[in-house]
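Here is how the chains run, residue by residue.
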Amino acid sequence: MKRRHGKDGGAFSERGSMSECGCAFCRNEIEFSLPPDLLDRLVAGRCVIFAGAGISTENRTHCKTTFYEQIQAEMNISDSSLDFPSLMTKYCGKADGRINLIKKIRERVEYFRSFRGFYVPMTRFHRALRPLYMIEDVITTNWDDFFEEESGLRPFVYDQDLPFIESSARRVVKIHGSISNAGSIVATKEDYNQALRRLEKGALGAYLKTLLTTKTIIYIGYSLRDSNYLSIIKSLRKIMGKFSRSAYFVSPSIDHDYLKSTNLSLIPIETDGSFFLEQLRIHINRKLCDHHQIIDDERFDFCEEFLLYVNEAHHHAADVFIETRKPIMTLVLSYQDGLQDALMRIKDTRSGGEYFNSERVRYLIHAYEKKVEVYVSESNYWDACYCRGYQNGLILLLATGEDGTPPLVDLCFADNINSLPKALRMARKRIPGAVLNEIEKITEGVGTGLVPEHLPYV
């Protein structure tokens, strides 16, 4: 079965309501009420996602069998009462068991990664997290590297990683290790016990304790029937003691009576985890004013498309420079370098979420305007044109439709020169003397067959 309802798997109308489709993908997208207090804390950046395998490789909607069932079948064990670490302990008791277990984990993840039919739905949650830049911390028991690849999060696995945590804008703390480091994988009973001791006494555990005391935890991708999950959450509550905050539990199927019987004080939200994040984006934008809203994905797509157009124009401008050696082309190329660099950075860092923050983008636009003013006052048009190009790339991200589409030429000293033909027809006497001296020196320093390039720093 393939999902064909939405770009990233979403199946809701412009108002954000759930579709009437009852397929395996959509039936779990249950409408829900978002508690006002939770929305306030989300907007303030006071929430942490605690993610389990249900949002990734172990969701039965995405794959036929779980890793537990794969190992169970290989060992010909029919007893399903064994919990996950007990089964893994049995497997590791075989000859070369640990080595083979790690190999199977890696093979499973790489297999899913190699087929878009698996990988796209398995990473829907991670893509939905991208624009929620106010969520800076994720805690996960998952081994895969999907948060790193699709959400731009920096992984933290060991206590030694902690000194670098504040220098990372968005982080994923992997309390059960990572596929990127075989020695960190937590799978057996002994692994679980060691991991718990690290959480209780280690530096990374201290960081988690800070998160748990200062932020609201949203558990997604777990089952209340999973004894390992219950053990983790009870251990965390034991570490926190009376300072434990209320937490939210998101799942498409919740047995409310059973939840009450666990005495975990979890606030239930019954819906699909990926759908929950997608709806959060809608709720957050409704609450925020225009200058703070999350930028639409369509703007990123438009910037990527316009980058192709700019690249083509830049190639043509480079050819013209090589052919004519006209000094004015130096500024044309510098401006286009800035425009290219802005659009490429928007494209390449999309997964990290920084440029979804409209307030952040506006700050950068004003900062580059200041740089342009300074460089123009110093008659440094080489840097001024680059900054104007970079600024215009950022402006395009905030624009609506094709409004705000920047010109392919902006010389900073001649507003009516906005195209290559106009720049080439520009009379030498119209170029200010200080500007002419600067660009002639730059042109003279460029070898035959080469073009000047403004590197991405100013």
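Residues numbered from 1 in each chain as written. Predicted model: local features only at pLDDT ≥ 70, side-chain atom pairs only at ≥ 80, totals over all residues. Heavy atoms only, no water.

A. Structural context of the pairing of strand S7 (residues 266–270). Taken together, the five bridges between strand S6 (residues 247–251) and S7 define a ladder with parallel strand orientation. Paired with Val 250 across the two strands is Ile 269, which belongs to S7. Taken together, S6, helix H11 (residues 256–262) and S7 form a β-α-β motif whose crossover is right-handed. (Pairing = 2+ DSSP bridges. Helix = DSSP H or I, 4+ residues; strand = E, 2+ residues; numbered from the N terminus. Right-handed = clockwise from strand over helix to strand, strands pointing away.)

B. Just the packing of helix H15 (residues 358–377) against helix H16 (residues 381–398), in detail. At their nearest, the axes of H15 and H16 sit 9 Å apart, and the two run at 160 degrees to each other. The pairing of H15 with H16 is recorded here as roughly antiparallel in orientation. Pair H15 / H16 crosses with left-handed handedness. Counted together, Ser 358, Val 361, Arg 362, Leu 364, Ile 365, Tyr 368, Glu 369, Lys 371, Val 372, Tyr 375 and Val 376 of H15 and Tyr 381, Asp 383, Ala 384, Cys 387, Arg 388, Tyr 390, Gln 391, Leu 394, Ile 395, Leu 397 and Leu 398 of H16 form the full contact between these two elements. (Axes fitted to C-alpha atoms, helices over the stretch in contact; angles between N-to-C directions. Parallel < 35°, antiparallel > 145°, perpendicular 65-115°, else oblique. Left-handed = near helix turned anticlockwise from the far one by under 90°. Contact = heavy atoms within 4.5 Å.)

C. A look at the confidence of the model for the chain. For the chain, mean pLDDT is 90; residues scoring 70 or higher make up 93% of the total. Low pLDDT, under 50, characterises residues 4–17; the predicted model gives this stretch 33 contacts beyond four residues in sequence or across chains. (pLDDT = per-residue confidence, 0-100.)

D. Molecular detail of H16. Helix length check: H16 (18 residues) gives 26 Å between terminal C-alpha atoms against 26 Å at 1.5 Å per residue, within 8%. The element H16 is extensively covered by neighbouring structure, given that 16 of its 18 residues are classed as buried. (Expected span 1.5 Å × (residues − 1). Buried < 20%, exposed > 50% of the residue type's maximum accessible area, 1.4 Å probe, protein only.)

E. Spotlight on the environment of Arg 98. With respect to the element layout, Arg 98 can be found in helix H4 (residues 97–113). Residue classification places Arg 98 among the partly exposed residues on the basis of a relative accessible area of 29%. Sequence-wise, Arg 98 and Tyr 111 are 13 residues apart; in three dimensions their C-alpha atoms are separated by 20 Å. When sequence neighbours within four positions are dropped, the list of residues in contact with Arg 98 reads Cys 92, Ile 185, Thr 188 and Asp 191.

F. Looking closely at the sheet that holds strand S3 (residues 154–156). Pairing in this open sheet of seven strands is parallel, and the strands run S3-S4-S2-S1-S5-S6-S7 from one edge to the other. Whereas interior strands pair on both sides, the edge strands pair on one side only; in this sheet they are S3 and S7. Averaged over all neighbouring strand pairs, the angle between strand axes comes to 25 degrees, with direction disregarded. The sheet contact formed by strand S1 (residues 47–51) and strand S5 (residues 216–220) spans five bridges and is parallel.

G. Structural view of the nonpolar core. Counting 86 residues, the largest nonpolar core has Ile 218, Phe 276 and Phe 413 as its most contacted members. Among the elements that line this core, the one with the most residues is helix H13 (residues 297–324), at eleven residues. If we ignore the near neighbours within four places in the chain, the residues touching Phe 276 are Phe 32, Leu 34, Leu 38, Ile 218, Ile 220, Val 250, Ile 269 and Thr 271. Formed by 28 residues, the second largest nonpolar core is a distinct cluster that contains Leu 211, Ile 217, Tyr 219 and Leu 236. (Core = buried A, V, L, I, M, F, W, Y, C linked by side-chain atoms within 4.5 Å.)

H. Local environment of the environment of Cys 26. For Cys 26, the location among the structural elements is in the segment before helix H1 (36–43). For Cys 26, a relative accessible area of 1% gives the class buried. Between the C-alpha atoms of Cys 26 and Phe 275, which are 249 residues apart in sequence, the distance is 9.2 Å.

I. Seen up close, the side chain of Thr 141. Checked against the element boundaries, Thr 141 lands in the loop between strand S2 (137–140) and helix H7 (146–151). Relative accessible area serves as the criterion here: at 13%, Thr 141 is assigned to the buried category. Looking at Thr 141, its side chain comes within polar contact range of the side chain of Tyr 222, at 2.8 Å. With near-sequence residues (within four places) excluded, Thr 141 lies in contact with Phe 50, Ala 51, Gly 52, Ile 175, His 176, Tyr 222 and Ile 232. (Polar contact = N/O pair within 3.5 Å; in protein donor to acceptor, adjacent residues only side chain to side chain.)

J. Quick look at the packing of aromatic side chains. Taken as a whole and judged by the stated rule, the model has 22 aromatic pairs. Here Phe 67 and Trp 143 contribute two aromatic rings whose centre-to-centre distance is 6.0 Å and whose plane-to-plane angle is 90 degrees, an arrangement assigned as edge-to-face. Placement of Phe 67 in helix H2 (residues 67–74) and of Trp 143 in the loop between S2 and H7 is noted, with a sequence separation of 76 residues between them. As far as burial versus exposure is concerned, Phe 67 and Trp 143 are alike and both buried. Between Tyr 68 and Phe 84 the ring centres are 6.5 Å apart and the planes differ by 35 degrees, which places this aromatic pair in the tilted class. Of this pair, Tyr 68 sits in helix H2 while Phe 84 sits in helix H3 (residues 84–92); the two residues are 16 residues apart in sequence, bridging distant segments of the chain. Residue Tyr 68 is classed as buried on the basis of its relative accessible area, which comes to 14%. Since its relative accessible area comes to 17%, Phe 84 is described here as buried. Three or more aromatic residues joined by ring pairs form one cluster here, namely Phe 50, Tyr 219, Tyr 222, Tyr 229 and Phe 249. (Phe/Tyr/Trp six-rings, centres within 6.5 Å; stacked < 30°, edge-to-face > 60°.)

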